[in-house]
Amino acid sequence: MLQLCEHYASSSYGAAHCDWLSGGCQGAYANNCYPYDIWSGSLAGTMLYYDRELKNGDFTTYNACGGEAKCSVRNAFSVRCVLDLTHA
């Protein structure tokens, strides 16, 4: 079961809060992770798929991938968030 996290504050309904991670996903577009995004499964063009973002308890396309919600297949969405226990 995939447990998504919320891009904004989420204490009102219990989802974990998360933000994008710069440089944390080797091999992804610009090595960035977006754990609050999820692929729609609908093709939007060559090497593009639509996505949704979990924001304020709603799956939305608002500001997703530049506002069109058409995202490169190289993006890392719905990645698993783990605590960094070694970060100083």
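Not measured: the values here are computed from a predicted model. Along every chain, residues carry numbers that run from 1 in the direction the sequence is written. Whole-chain, interface and lining totals are the exception, using all residues; otherwise, since this is a predicted model, local features are given only for residues with pLDDT of at least 70 and side-chain atom pairs are given and counted only at 80 or more. The side-chain values count all of the structure's non-hydrogen atoms but skip hydrogen atoms and water molecules.

## Focus: the overall build of the protein chain
Strands are runs of DSSP state E lasting at least two residues, helices are runs of H or I lasting at least four, and both sets are numbered from the N terminus onward. Assigned secondary structure in the protein chain consists of zero helices and six strands. Each helix (α) and strand (β) of the protein chain, taken in turn from the N terminus, gives the series β-β-β-β-β-β. For this analysis, residues touch if any pair of their heavy atoms sits within 4.5 Å. For the protein chain, the proportion of contacts with a sequence separation of at least 24, taken over those separated by at least 6, is 41%. Roughly 6,000 Å² of accessible area belongs to the protein chain as shown, and the carbon and sulfur atoms make up 53% of that amount. Note on areas: Shrake-Rupley with a 1.4 Å probe; residue coverage comes only from the protein chains shown.

## Things to note about the packing of aromatic side chains
The pairing test for Phe, Tyr and Trp rings, Trp by its six-membered ring, is centres within 6.5 Å, and the orientation test on the planes gives stacked under 30 degrees, edge-to-face over 60, and tilted for anything in between. Enumeration according to the criterion identifies five aromatic pairs in this entry. Where Trp39 meets Phe77, the ring centres are 4.4 Å apart and the plane angle is 40°; that geometry is what we call tilted. Within this pair, whereas Trp39 is found in strand S2 (residues 37-45), its partner Phe77 is found in strand S6 (residues 76-77), the two being separated by 38 residues in sequence. An aromatic cluster of three or more residues is present, and its members are Trp20, Tyr34, Tyr36, Trp39, Tyr49 and Phe77.

## Here's the deal with the pattern of salt bridges
Counted as salt bridges are all cases of a side-chain nitrogen of Lys or Arg within 4 Å of a carboxyl oxygen of Asp or Glu. Summed over the entire model, instances satisfying the criterion amount to one salt bridge. Put simply, Lys55 and Glu53 hold a salt bridge, and the shortest N to O gap is 2.6 Å. The pair formed by Lys55 and Glu53 is uniform in burial state, with each residue classed as buried. Burial classification: accessible surface area is computed with a 1.4 Å probe over protein chains only, and a residue below 20% of its type maximum counts as buried, one above 50% as exposed, and the rest as partly exposed.

## Quick notes on unusual backbone geometry
Positioned with a positive phi, Asn63 is a non-glycine residue whose angle comes to about 65°. Here Asn63 lies in the loop between strand S4 (58-60) and strand S5 (70-72). The class for Asn63 is partly exposed, based on a relative accessible area of 48%.

## Some points on the nonpolar core
Only buried Ala, Val, Leu, Ile, Met, Phe, Trp, Tyr and Cys residues count toward a nonpolar core, and they belong to the same one when joined by side-chain atoms within 4.5 Å. With six residues, the main nonpolar core is built from Cys5, Cys18, Tyr34, Tyr36, Cys71 and Phe77. If we skip the residues at most four places from it in the chain, Phe77 touches Tyr34, Asp37, Ile38, Trp39, Asp51, Cys65 and Cys71.

## What to know about the side chain of Asp51
Mapping Asp51 onto the fold places it in strand S3 (residues 48-55). The residues contacting Asp51, other than those within four sequence positions of it, are Asp37, Ile38, Trp39, Ser40, Thr61, Ala64, Cys65, Ala69, Cys71 and Phe77.

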